[in-house]
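# Structural overview for review
Spelled out from the first residue to the last, the chains are:
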Amino acid sequence: MTDVRTIYVDMDDVLCETARRFLLIIEREFGKQVAYDRLTDFDFERSCDLTPAERAKLYQLVHLEDEILSIEPIPEAIDVLNDWVTGGYQIAIVTGRPPDTFAASIEWLARYKVPFQSFTVVDKYGRFQTENTIGLSLTELATQQFCWAVEDSLPMAKFLALEMKVPVALLDRPWNQADAENAQITRYDHWREIGAAFVR
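As a further point, take the environment of Glu67. Structurally, Glu67 is set in helix α4 (residues 65–69). The spatial distance from the C-alpha of Glu67 to the C-alpha of Phe22 is 9.3 Å, given a sequence separation of 45 residues. Not counting residues up to four positions away in its chain, the partners in contact with Glu67 are Arg21, Ile25, Arg28, Leu61 and Val62.

Right, here's the structure in full:
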């Protein structure tokens, strides 16, 4: 049994409804209505039939401070995190957002009173450079220790389970329906199930 008492928690679509915000922006900017359950691939160009120019504009818009602060929280998640902190655990929020979203992300967490002890930006998907930024590479992330993790990304769940030997709670989402193929990864429908499952 590990004595590590730090829990890795992803941010987008784990603590907040980022994909639903993306869909609102797509409808507003491009006039395209896309159902949430159609997001079977988190590449919005593919899932939402965007042109490369539309995709570029979408990713520019979603990282603006006003858009980040408009993302709705997942209240059950915040309740569970509070329970974990009360139980003596540290919450490490680990996001794949680019480094220039750091300040807005911290402001969002403060606005919704999300408890956490650390906030780390990681290039989870090879989307930005970490050199000379606050961002970490996956290799740097792998030097850290966690007793459990909560993710919505299947590739990141596999990285945590296989490379870091961390048990992962995979929050069920339309884009992560492939078989996890790893005993360290357990799928959950919602945060109440995750909270009930974490008994140490």
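This brings us to the state of the cysteines. By definition, a disulfide links the sulfur atoms of two cysteines through a covalent bond. Summed over the entire model, instances satisfying the criterion amount to 0 disulfides. Counting only cysteine sulfurs, Cys16 is the nearest neighbor of Cys48, a cysteine outside any disulfide, at a range of 17 Å.

A word on the environment of Phe116. Summarising the element assignment, Phe116 is placed in the loop between α6 (102–111) and β3 (118–121). In the structure, Phe116 is positioned 55 residues away from Leu171 in sequence and 19 Å away in space, judged by C-alpha atoms. Not counting chain neighbours up to four residues away, the residues in contact with Phe116 comprise Ile91, Ile93, Ile106 and Leu109.

It is worth spelling out the packing of aromatic side chains at this point. For the structure on display, the rule yields 13 aromatic pairs. Centre to centre, the rings of Phe102 and Phe119 are 5.4 Å apart; their planes meet at 75 degrees, and the pair counts as edge-to-face. In this pair, Phe102 is assigned in helix α6 and Phe119 in strand β3, connecting sequence segments 17 residues apart. Classification of Phe102 as partly exposed rests on a relative accessible area of 33%. Given a relative accessible area of 12%, Phe119 falls into the buried group. Three or more aromatic residues joined by ring pairs form one cluster here, namely Trp84, Tyr89, Trp148, Tyr188, Trp191 and Phe198. Over the aromatic face of Tyr89 sits the side chain of Arg5, whose NZ or CZ is 4.0 Å from the ring centroid. Above the plane of the ring of Tyr36 lies Arg20, whose end atom (NZ or CZ) is 3.6 Å from the centre.

Each strand in a sheet pairs with another by means of backbone hydrogen bonds, the pair being arranged parallel or else antiparallel. Pairing is parallel in the open sheet, where 6 strands are placed in the order β3-β2-β1-β4-β5-β6. The open sheet has two edge strands, β3 and β6 (185–188), and neither has a second partner. Pairs of neighbouring strands in the sheet enclose a mean axial angle of 20 degrees, with direction left out of account. In this sheet, strand β4 (residues 148–151) lies alongside strand β1 (residues 6–9) in parallel orientation, the contact comprising 3 bridges. In the strand pairing of β4, Val9 is matched with Val150. With respect to the sheet, α6 is in contact with β2 (90–95) and β3, its orientation differing from that of β3 by roughly 145 degrees. Contacting β1, β4, β5 (168–171) and β6, helix α8 (residues 154–163) runs over the sheet at an angle of about 175 degrees to β5.

Parameters at a glance
- Residues numbered from 1 in each chain as written.
- Predicted model: local features only at pLDDT ≥ 70, side-chain atom pairs only at ≥ 80, totals over all residues.
- Heavy atoms only, no water.
- Helix = DSSP H or I, 4+ residues; strand = E, 2+ residues; numbered from the N terminus.
- Contact = heavy atoms within 4.5 Å.
- Disulfide = S-S within 2.5 Å.
- Phe/Tyr/Trp six-rings, centres within 6.5 Å; stacked < 30°, edge-to-face > 60°.
- Buried < 20%, exposed > 50% of the residue type's maximum accessible area, 1.4 Å probe, protein only.
- Lys NZ or Arg CZ within 6 Å of the ring centre and 35° of its normal.
- Pairing = 2+ DSSP bridges.
- Axes fitted to C-alpha atoms, helices over the stretch in contact; angles between N-to-C directions.

The values reported here are purely geometric and, on their own, carry no functional implication.
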